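Okay, here's what each chain looks like letter by letter:
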Amino acid sequence: MAPSSRLQPPPIPVTPTIQTPDDHDHDHDIDAGDGEQGNVNHFAYEGSTLLSPSRDSFYDPNRLSPVAPTFQNSDFLSPNMATSSGGLSENVSPIDIPKPSSGNGGAPNPFNFQTQIISTSPVKPNVGQRRGHKYKHSSISAQHQIFQEPPPRPPLALPRDLPIPTVKEAWKSMSKDQRRRLYWCICHLLIAVSVFLSAHGSLAMTALSHLVFFDVGSALICVAVEVLGNFEVWKRSSIRHPFGLERAEVLAGFALSIFLIFGGFDLVSHNLKHILEGKGGHTAHHPDPHEGGGPRVPNGGLDMASLAAIAATLVSAYGLRNHARISKVMRVSYLAHLPSVLSNPFHFLTLSTSALMVLLPLLSIPIGLLLDSAICGLIAIAMFLLGVRLAIAQGLMLLMSYGGRSGASSPGKNKDLGVADVVREIEAEPGVEKIEEARFWQVHYGLCMANLKLSVAKGCDDAALSRLRARISNLIQNRLGEGYGKGGSLRWEVSLQMGTTGRY
């Protein structure tokens, strides 16, 4: 068959299209047009967004949806099950189908999108904060008790610190006797000032005033010690002050020893300047009190300033005992045979100088330049020597050392033994084989300590060791201390560590 000469219509494209509501509007517009609606419809569909499906094209009310009831048209598959006859239950209310919003024209959005506001404040880094797992509160720690709380500690036997009294509290705690002693110290100070002002260029009287000032300082320290003794902090040990505040007295005594040393240097410098003035053709800057006018005290007269110094020294020596502890630290043996007051080197120096200054005018002995300089030089040397010795003794005490003598005892005489002699006596004790270590030191004026490590013989029971411990403690107290029954205040605390020879 010959092919037909008639034109065949163009093929209709079979491209799948998705119709949108906009396409319906286009259809209505095309239908209302002219006769070329067939061609226009094809081009309209081809120019539309065929591959851009809208949300409404996919909406199927019969599908499973979280917002639309699925079984609304079925009587048998509805969640509100029918009766056995297949009819709906009369008591069951119909299901409300949510209607689409009029704005969008489609199903509601199942997702709840809310606007989130991001803070513009700067982010704080977690620097220095602990990160990671807290093992104490973990399940492993709770089940197996790996990390346990420490047991509660018992309270300390010593307090951490004790309150230090103020000046107002110290004044209120003073008794009548202590206040009288304080008033006497003020009077003693006024006497020292009067002696210094009455010197009139006399070097000997200037040296005597230095001694009286030293006595005043020692008396004030004694009063301060008695007042501070009213408080618990003075003698009771604490963590902050293991030996109380009694070592403060040692520090004050060390300051007095420095005053003595510098006082001696001052007197020597004044003495040399006084002697060298006028030598070599130079005119003296200060007039010589021994030349020109009369003497400071007329011949046969009584030096009242020196008498006042003697009286003040005796009152302070017997009433306050201002140099009692210092003299025991120095252990001056060449004055031990003198009376109690004169056995103290400081009292002896002050009383002897004052008595000499009183006797010279009474004996009508003129005090010239050479005699005055000689007396001043002797006092300066004595002050320097005593100050150095006192500074060494108290410096060793501040350094927790012991400055006892180590001389051997001679037969027929009762002398204080030194540390070496005491160690030899301890080694001679029955049951002691060897002394491994021996340490002795003095804490303050009233307390010394001795720590010993001994090697004892094997086979000693507890009773024998206890008796040995008591004998060694008594030996140290009687030899190095002042002994029991002598009224001394120096106490020795002895700690012993004993063991056999093989143990050490």
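This structure is a prediction, so every number in the text was calculated from the model and none was measured. (Residues numbered from 1 in each chain as written. Predicted model: local features only at pLDDT ≥ 70, side-chain atom pairs only at ≥ 80, totals over all residues. Heavy atoms only, no water.)

Visitor: Just to check I follow, could you spell out a nonpolar patch on the surface for this structure?
Guide: Taken together, the side chains of Leu 302, Met 304, Leu 307, Leu 359, Leu 362, Leu 363, Ile 365 and Leu 371 define a hydrophobic patch exposed on the protein surface, amounting to about 690 Å² of accessible area. For the nonpolar patch, the secondary-structure elements that each account for two or more residues are helix H8 (304-320) and helix H10 (345-362). On the secondary structure map, Leu 362 appears in helix H10. (Patch = residues over 30% accessible without salt bridge, like charges linked within 9 Å, V, L, I, M, F, W, Y side chains within 5 Å. Areas by Shrake-Rupley, 256 points an atom, 1.4 Å probe, with all protein chains shown as cover. Salt bridge = Lys/Arg side-chain N within 4 Å of Asp/Glu carboxyl O. Helix = DSSP H or I, 4+ residues; strand = E, 2+ residues; numbered from the N terminus.)

Visitor: Please explain the pattern of salt bridges as it appears in this structure.
Guide: Oppositely charged side chains can form a pair if their charged atoms are brought close together. Under the definition given, this model contains 12 salt bridges. Between Glu 226 and Arg 181 there is a salt bridge, and its shortest N-O distance comes to 2.2 Å. Separated by 45 residues along the polypeptide, Glu 226 in helix H6 (residues 203-228) and Arg 181 in helix H5 (residues 176-197) bring together distant segments of the chain. Classification of Arg 181 by relative accessible area gives partly exposed; the value is 21%. For Arg 479, the salt bridge identified is with Glu 425, shortest N-O distance 3.4 Å. Of this pair, Arg 479 sits in helix H13 (residues 462-479) while Glu 425 sits in helix H12 (residues 419-427), and the two are 54 residues apart along the sequence. With a relative accessible area of 32%, Arg 479 lands in the partly exposed category. Look at Glu 425 and you get partly exposed, because its relative accessible area is 25%. (Buried < 20%, exposed > 50% of the residue type's maximum accessible area, 1.4 Å probe, protein only.)

Visitor: What should I look at first to understand the pairing of strand S2 (residues 447-456) in this one?
Guide: On any regular strand, side chains alternate: one points to one face of the sheet, the next to the other face. Where burial is concerned, most of S2 is hidden: 8 out of the 10 residues are buried. Of the pairings in the sheet, the one linking strand S1 (residues 432-444) to S2 comprises 10 bridges and is antiparallel in character. Paired with His 444 across the strands is Leu 447, a residue of S2. Where S2 lies against strand S3 (residues 491-499), 9 bridges are found, and the strand directions are parallel. Residue pairing for S3: Ala 450 is matched across the bridge by Val 494. (Pairing = 2+ DSSP bridges.)

Visitor: How should H5 be read in this particular structure?
Guide: Given 3.6 residues per helical turn, the α-helix brings residues three or four places apart onto the same face. Taking 1.5 Å of rise per residue, the 22 residues of H5 would be expected to cover 32 Å, and the 32 Å separating its terminal C-alpha atoms lies within 8% of that figure. All of the buried residues along H5 are Gln 178, Cys 185, His 188, Ile 191, Ala 192 and Val 195. Along the long axis of H5, the arc covered by the buried residues comes to 120°, so they all point the same way. Exposed residues on H5 whose side chains face more than 90 degrees from its buried face are Lys 176, Arg 180, Leu 190 and Leu 197. Buried residues belonging to H5 abut helix H4 (167-173), H6 and H8. (Expected span 1.5 Å × (residues − 1). Arc of directions from axis to C-beta. Contact = heavy atoms within 4.5 Å.)

Visitor: Help me understand the environment of Asn 230, please; the structure alone is not making it clear to me.
Guide: Along the chain, Asn 230 turns up in the loop between H6 and helix H7 (247-276). Judged by relative accessible area, which is 37%, Asn 230 ranks as partly exposed. A distance of 3.2 Å separates a polar side-chain atom of Asn 230 from the backbone oxygen of Ser 173. (Polar contact = N/O pair within 3.5 Å; in protein donor to acceptor, adjacent residues only side chain to side chain.)

Visitor: Is there a simple way to explain the packing of aromatic side chains in this structure?
Guide: The description of an aromatic ring pair rests on the distance of the ring centres and on the angle between the ring planes. Applying the stated criterion across every chain, the model contains 4 aromatic pairs. Residues Phe 440 and Trp 492 carry aromatic rings whose centres are separated by 6.0 Å and whose planes lie at 70° to one another, so their mutual orientation is edge-to-face. Residue Phe 440 is located in strand S1, and its partner Trp 492 is located in strand S3; the two are separated by 52 residues in the primary sequence. Judged by its relative accessible area of 12%, Phe 440 falls in the buried class. Judged by its relative accessible area of 7%, Trp 492 falls in the buried class. Ring-pair connections join several aromatic residues into one group, and the members of that group are Tyr 402, Phe 440 and Trp 492. Seen from the ring of Trp 171, Arg 179 lies directly overhead, with NZ or CZ sitting 4.4 Å from the centre. (Phe/Tyr/Trp six-rings, centres within 6.5 Å; stacked < 30°, edge-to-face > 60°. Lys NZ or Arg CZ within 6 Å of the ring centre and 35° of its normal.)

Geometric values such as these leave the question of function open.
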